[in-house]
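Read off the chains here:
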Amino acid sequence: MIHTIIESNMLLYAMTAVGMLGILCQFIISSRYAKLTREASDAQMGKKEFMKQLRFKFRTDRKRSNDNMNISVFVRRQIYDYRFWHMTLHQWKRLAAGFFIISMAAAAAGFFYCFRGELSNTYMQNILWTAAGVTAGTVLAALWTDMPYKAAYLQTRLEDYLCHSGEALNFQEAELEEPAAAPVKAKLKVPAVIGLHKKNRAVQETKAQREKRELKTNLAKIKDGMRESAADAERERNREILRQMDSQEQERIIRDVLAEFLA
């Protein structure tokens, strides 16, 4: 059976197919690195699933560590844990290497069988040329994709986003927008000199404090207006009651009120 496989060149086809699968894996990994780099460089990161997960995990870990975290380690861990088609980037690299090793193992087995079976040198030369072609194609694909550089650039781009250009600035702006709990007054100590006294200077109130003070003032005005409206309504009701009484009853009530007021 092995003799038939070698003579029909099926071994050469199998070696070439397996080697091409390894090269295809390299291009798949390279395209994934390029995609992640584009997502990290894109300004509209709200639509990118990887960047949304990265920002969420970064904020969570930063709160847990009280702003003391190693961003480089965090980025490397996220790249290592990233999966597509249920495999990590490292597993894809191992798969590409595995295809190449299988192709070379098949070539070695075929060459050894040809040598032991005393087949013609033509078959051994074909196996060697096929193995050399698969090796050359694998090396050229590795040089063309240049995955070590792409991996390093992706890590640098994510660290720059988290440290300087992106999420770090958003985190600092969120902290600055938090309103102060209460206005603080700072006392400035002035040297004791004749004619000078210690002065207290209030710290300039923030926008949130000013809005809160204005809201309290408006509520107090509304409350006073409601009280005046209620008093006017009460007076109008009393006038209506007096109009409905006869003149004698009105005089009696007026005398009682004056007497009580002057007592």
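The rules behind each value
- Residues numbered from 1 in each chain as written.
- Predicted model: local features only at pLDDT ≥ 70, side-chain atom pairs only at ≥ 80, totals over all residues.
- Heavy atoms only, no water.
- Helix = DSSP H or I, 4+ residues; strand = E, 2+ residues; numbered from the N terminus.
- Contact = heavy atoms within 4.5 Å.
- Areas by Shrake-Rupley, 256 points an atom, 1.4 Å probe, with all protein chains shown as cover.
- Axes fitted to C-alpha atoms, helices over the stretch in contact; angles between N-to-C directions.
- Parallel < 35°, antiparallel > 145°, perpendicular 65-115°, else oblique.
- Left-handed = near helix turned anticlockwise from the far one by under 90°.
- Nonpolar A, V, L, I, M, F, W, Y, C, P; charged D, E, K, R; others polar.
- pLDDT = per-residue confidence, 0-100.
- Expected span 1.5 Å × (residues − 1).
- Buried < 20%, exposed > 50% of the residue type's maximum accessible area, 1.4 Å probe, protein only.

1. Overview of the overall build of the chain
Thought 1: Scanning the chain from terminus to terminus reveals 10 helices and four strands.
Thought 2: Put simply, the chain runs from its N terminus to its C terminus through helices and strands in the order α-α-α-α-β-β-α-α-α-α-β-β-α-α.
Thought 3: Put simply, of all contacts in the chain between residues at least 6 apart along the chain, 66% involve residues at least 24 apart.
Thought 4: Summing over all exposed atoms, the chain offers an accessible surface of approximately 19600 Å²; the carbon and sulfur share of this is 60%.

2. Here's the deal with the packing of helix α5 (residues 89-116) against helix α6 (residues 121-145)
To describe two helices that pack against each other, one gives the angle between their axes and the distance between the axes.
Thought 1: Two elements in contact, α5 and α6, have axes separated by 9 Å at closest approach and are oriented at 165°. Comparing their axes, α6 and α5 come out roughly antiparallel. Judged by the twist between their axes, the crossing of α5 over α6 is left-handed. For the pair α5 and α6, contact is made by F100, S103, M104, A107, G110, F111, C114 and F115 and by Y123, M124, I127, L128, A131, V134, T135 and T138, respectively.
Thought 2: Grouping the constituent residues of the contact of α5 with α6 by class yields 12 nonpolar, four polar and no charged.

3. What about the confidence of the model for the chain?
One rule of thumb: low pLDDT means the predicted coordinates there are not for detailed reading.
Thought 1: Mean pLDDT over the chain works out to 80, with 79% of the residues at or above the 70 mark.
Thought 2: This stretch, residues 179-188, has a pLDDT under 50; its non-local contacts, to residues over four places away or in other chains, come to 13 contacts.
Thought 3: In this model, residues 192-203 is a region of pLDDT below 50 whose contacts with residues beyond four sequence positions or in other chains number 10 contacts.

4. Concerning α5
Thought 1: The end-to-end C-alpha distance of α5 is 41 Å, a good match for the 40 Å that 28 residues give at a rise of 1.5 Å each.
Thought 2: By the burial criterion, the buried members of α5 are L89, W92, A96, F99, S103, A107, G110 and C114.
Thought 3: Looking at the packing, one finds that the buried side of α5 touches α1 (2-7), α2 (10-41), α4 (71-81), β1 (83-84), β2 (87-88) and α6.
Thought 4: Positioned one or two residues after α5, E118 has a phi angle of 55°, which is positive.

5. Quick look at the environment of F27
Thought 1: Looking at where F27 falls in the secondary structure, it is placed in helix α2.
Thought 2: Residue F27 is classed as partly exposed on the basis of its relative accessible area, which comes to 37%.
Thought 3: Between the C-alpha atom of F27 and that of M147, which follows or precedes it by 120 residues, the distance is 9.4 Å.
Thought 4: Once residues lying within four places of it in the same chain are set aside, the contact partners of F27 are A141, W144 and T145.

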